[in-house]
Amino acid sequence: MMDFLKNNFYWIDFSIGTAIPLVVLGLHRRGRISRFGWRLFWLGTALGLTWELPLSLLNAYSATHPVARFIQPLPTHFSVLIVLHSFWDGGLFLVGVWLAAKCYPGRWFERFRLNELLVLLLWGQASELAVELLSTFNHGWAYIPYWWNPSLFRFSGSDITLLPQLIWLAAPVVFYLIALRLKPKSN
């Protein structure tokens, strides 16, 4: 089973990335995700593009300072990774919204509440770490340590670095502040 996951890691990753917007659309059409939730998915996807695109371009075109290395070569053009990982990001943000709503039921995302933001931050850190651990364990990609992206620890022969964690420390704050502005317009 482990060999199957490692040998098909990218295809599994890409399949989930493809399924996420389809599942969100289906849930939205069935009334399980509100118009606000639909907009939050696309906000998360757009925010994901703000790091997926430049990091992927650096990986593809920087001979001296790529941000990550592919342990196994990508089976497609890197643009597929950009788009599908942005969908992943949108889905991860939406799960964070769901967790915040479950932790603090009632009226949510209507005014700034530190507890809601903390849920998004904790979920962002946990999900980012899980993604990096799964990737390195399954021989997908690994970030390269530099002075500006130090290694936090090694796992499965690769470094788990600070930069992705910093991204997922800042991104939930931006997401939450924009979401607070979007909520009144979504009702």
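Here the structure is a predicted model, which is why all the values come from computation and not from measurement. (Residues numbered from 1 in each chain as written. Predicted model: local features only at pLDDT ≥ 70, side-chain atom pairs only at ≥ 80, totals over all residues. Heavy atoms only, no water.)

A. Molecular detail of the overall build of the chain. Looking only at helices and strands, the chain has 6 helices and 4 strands in total. Helices and strands appear in the chain in the N-to-C order α-α-α-β-α-α-β-β-β-α. For the C-alpha atoms alone, the extent of the chain along its principal axes is close to 45 × 35 × 30 Å. Residue burial in the chain is summarised as follows: out of 187 residues, 45% are buried. Of the contacts formed within the chain by residues at least 6 apart in sequence, a portion of 69% connects residues at least 24 apart. When the accessible surface of the chain is summed, it comes to about 10,000 Å², and 68% of that surface belongs to carbon and sulfur atoms. Across the chain, the mean location of the 15 positive side-chain charges is 14 Å away from that of the 9 negative side-chain charges. (Helix = DSSP H or I, 4+ residues; strand = E, 2+ residues; numbered from the N terminus. Buried < 20%, exposed > 50% of the residue type's maximum accessible area, 1.4 Å probe, protein only. Contact = heavy atoms within 4.5 Å. Areas by Shrake-Rupley, 256 points an atom, 1.4 Å probe, with all protein chains shown as cover. Lys, Arg positive; Asp, Glu negative; His and termini not counted. Charge placed at Lys NZ, Arg CZ, Asp CG, Glu CD.)

B. Expanded view of the pairing of strand 4 (residues 158-161). Here strand 3 (residues 151-155) pairs with strand 4 via 4 bridges, running antiparallel. Looking at strand 4, one finds that serine 151 is bridged to threonine 161. Between strand 3 and strand 4, which follow one another and run antiparallel, lie 2 residues, and serine 156 among them has a positive phi close to 55°. (Pairing = 2+ DSSP bridges.)

C. Inspection of the environment of leucine 92 at higher detail. Among the secondary structure elements, leucine 92 is positioned in helix 4 (residues 78-103). Leucine 92 sits 34 residues away from leucine 58 along the chain, and the two C-alpha atoms are 24 Å apart.

D. Region of the structure containing the packing of helix 3 (residues 35-61) against helix 4. With their axes 7 Å apart at the nearest point, helix 3 and helix 4 run at an angle of 140° to one another. In this structure, the crossing between helix 3 and helix 4 has a hand that is right-handed. When the residues that make up the contact of helix 3 with helix 4 are grouped by side-chain class, the tally is 17 nonpolar, 9 polar and 2 charged. (Axes fitted to C-alpha atoms, helices over the stretch in contact; angles between N-to-C directions. Left-handed = near helix turned anticlockwise from the far one by under 90°. Nonpolar A, V, L, I, M, F, W, Y, C, P; charged D, E, K, R; others polar.)

E. Inspection of the packing of aromatic side chains at higher detail. All told, the structure shown has 20 aromatic pairs when counted by the stated rule. A ring pair is formed by tyrosine 10 and phenylalanine 70, whose centres lie 6.5 Å apart and whose planes are at 65°; its orientation type is edge-to-face. Here tyrosine 10 is found in helix 2 (residues 9-29), whereas its partner phenylalanine 70 is found in strand 1 (residues 68-70), with 60 residues between them in sequence. The class for tyrosine 10 is buried, based on a relative accessible area of 4%. (Phe/Tyr/Trp six-rings, centres within 6.5 Å; stacked < 30°, edge-to-face > 60°.)

F. Summary view of the nonpolar core. Judged by nonpolar contacts, the single largest core of 44 residues is most densely connected at Phe36, Leu40, Trp51, Leu55, Phe93, Phe109 and Phe175. Ranked by the residues each element gives to this core, the list is headed by helix 4, at 11 residues. Setting aside residues up to four positions removed in sequence, phenylalanine 93 forms contacts with Gly44, Leu47, Trp51, Trp168, Ala171, Pro172 and Phe175. (Core = buried A, V, L, I, M, F, W, Y, C linked by side-chain atoms within 4.5 Å.)

G. Summary view of helix 3. For helix 3, spanning 27 residues, the distance from its first C-alpha to its last is 38 Å, which sits close to the expected 39 Å at 1.5 Å a residue. The axis of helix 3 is deflected most strongly, by about 30°, at leucine 49. (Expected span 1.5 Å × (residues − 1). Bend = angle between axes of the 7 residues up to and from the residue.)

H. Seen up close, helix 2. Spanning 21 residues, helix 2 covers 30 Å between terminal C-alpha atoms, matching the ideal 30 Å at 1.5 Å per step. The largest bend along helix 2 reaches roughly 25° and is located at alanine 19, with the proline proline 21 sitting one to four residues downstream. Along helix 2, the residues classified as buried are Phe9, Tyr10, Asp13, Phe14, Gly17, Ile20, Pro21, Val24 and Gly26. Buried residues along helix 2 sit in contact with helix 1 (2-7), helix 3, strand 1, helix 4, helix 5 (114-137) and strand 2 (141-143). Looking one or two places after helix 2, you find glycine 31, whose phi comes out positive at around 80°.

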